[in-house]
Amino acid sequence: MERDKLLYPNGNPRPGSEDAYAVGYDPETGIARDPRDMDQATLRALGHGGPILQAVRQNCRECQAGNEAEVRRCRMVWCPFWPYRMGSNPFHRQELSSEQREERRRRLATAREARREIPEPRSS
Ligand code: SF4
């Protein structure tokens with residue numbers, strides 16, 4: 001199973017009989033499958049398997065209709081994701097040198113730029 005057959009580059013499921021929704025459901029019961037019983041290749045094809053903090057960040061972005069500034073401004077302090085919404089764990093702070101901070105800032109900027117370059121969906 002290949003990720004690009006299930007999902008568009010932006011992570012949205014492709015329509016069709018073998019789409020991401022179909023993979024996520026048991027066809028006999030119609031109930032969502034338990035990820036603990038699924039193989040890793042299938043989970044990765046669905047776009048999962050990255051760092052958990054990235055998943056939280058992505059969830060927060062979707063919660064705020066894709067607006068990262070609104071994620072930053074979120075005031076729902078009781079939400080379990082709130083301390084992690086910026087993509088880091090404040091309970092595991094690292095002391096970084098200014099060079100390490102600059103390197104991380106550069107890597108983040110490169111990753112954000114790569115995310116913006118979403119190719120057009122392939123026609124079938
Ligand atoms: S912290 Fe909770 S309420 Fe705020 S953006 Fe994230 S998911 Fe949404």
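Nothing here was measured: the structure is a model prediction, and the numbers come from that model. (Residues numbered from 1 in each chain as written. Predicted model: local features only at pLDDT ≥ 70, side-chain atom pairs only at ≥ 80, totals over all residues.)

> Help me understand the overall build of the protein chain, please; the structure alone is not making it clear to me.
Assigned secondary structure in the protein chain consists of six helices and zero strands. Look at the contacts in the protein chain between residues 6 or more apart in sequence, and 42% of them connect residues 24 or more apart. (Helix = DSSP H or I, 4+ residues; strand = E, 2+ residues; numbered from the N terminus. Contact = placed C-beta atoms within 7 Å.)

> Which parts of the structure should I look at to understand helix α6 (residues 98-116)?
The periodicity of an α-helix, 3.6 residues per turn, causes residues three or four places apart in sequence to face the same way. A rise of 1.5 Å per residue sets the reference length of α6, with its 19 residues, at 27 Å; its end C-alpha atoms lie 27 Å apart and thus fit the reference within 8%. A small share of α6 lies buried, amounting to zero of its 19 residues. (Expected span 1.5 Å × (residues − 1). Buried ≥ 20, exposed ≤ 12 C-beta atoms within 10 Å, placed from the backbone.)

> Explanation requested: the site of the ligand in the structure shown.
Close to the ligand lie N59, C60, C63, Q64, V71, C74, M76, C79, F81, W82 and R85, which account for all nearby residues. Broken down by element, the shell around the ligand gets its largest block of residues, three residues, from helix α4 (residues 52-63). Grouping the constituent residues of the shell around the ligand by class yields eight nonpolar, two polar and one charged. (Near = placed C-beta within 6 Å. Nonpolar A, V, L, I, M, F, W, Y, C, P; charged D, E, K, R; others polar.)

> Looking at this structure, how should I read the environment of D34?
Positionally, D34 belongs in the loop between α2 (20-23) and α3 (40-45). For D34, a count of 8 C-beta atoms within 10 Å corresponds to the exposed category. In this structure the C-alpha to C-alpha distance between D34 and G24, which are 10 residues apart in sequence, comes to 8.5 Å.

> Before we go on, may I ask you to explain α4 in this structure?
Over its 12 residues, α4 extends 16 Å from the first C-alpha to the last, a length consistent with the 16 Å expected when each residue adds 1.5 Å. Following α4 by one or two positions, A65 adopts a phi angle in the positive range, close to 55°.

> Help me understand unusual backbone geometry, please; the structure alone is not making it clear to me.
What is expected of a backbone is that most residues other than glycine have negative phi and most peptide bonds are trans. Positive phi is not limited to glycine here, since A65 has a value of about 55°. Following the sequence through the fold, A65 ends up in the loop between α4 and α5 (68-73). By C-beta crowding, A65 is classed as exposed, having 7 other C-beta atoms within 10 Å.

> Where do I start with the environment of V56 in this structure?
Residue position: V56 is located in helix α4. Residue classification places V56 among the buried residues on the basis of 20 C-beta atoms within 10 Å. A C-alpha to C-alpha distance of 6.3 Å links V56 and R85, two positions 29 residues apart in sequence. Not counting chain neighbours up to four residues away, the residues in contact with V56 comprise F81, Y84 and R85.

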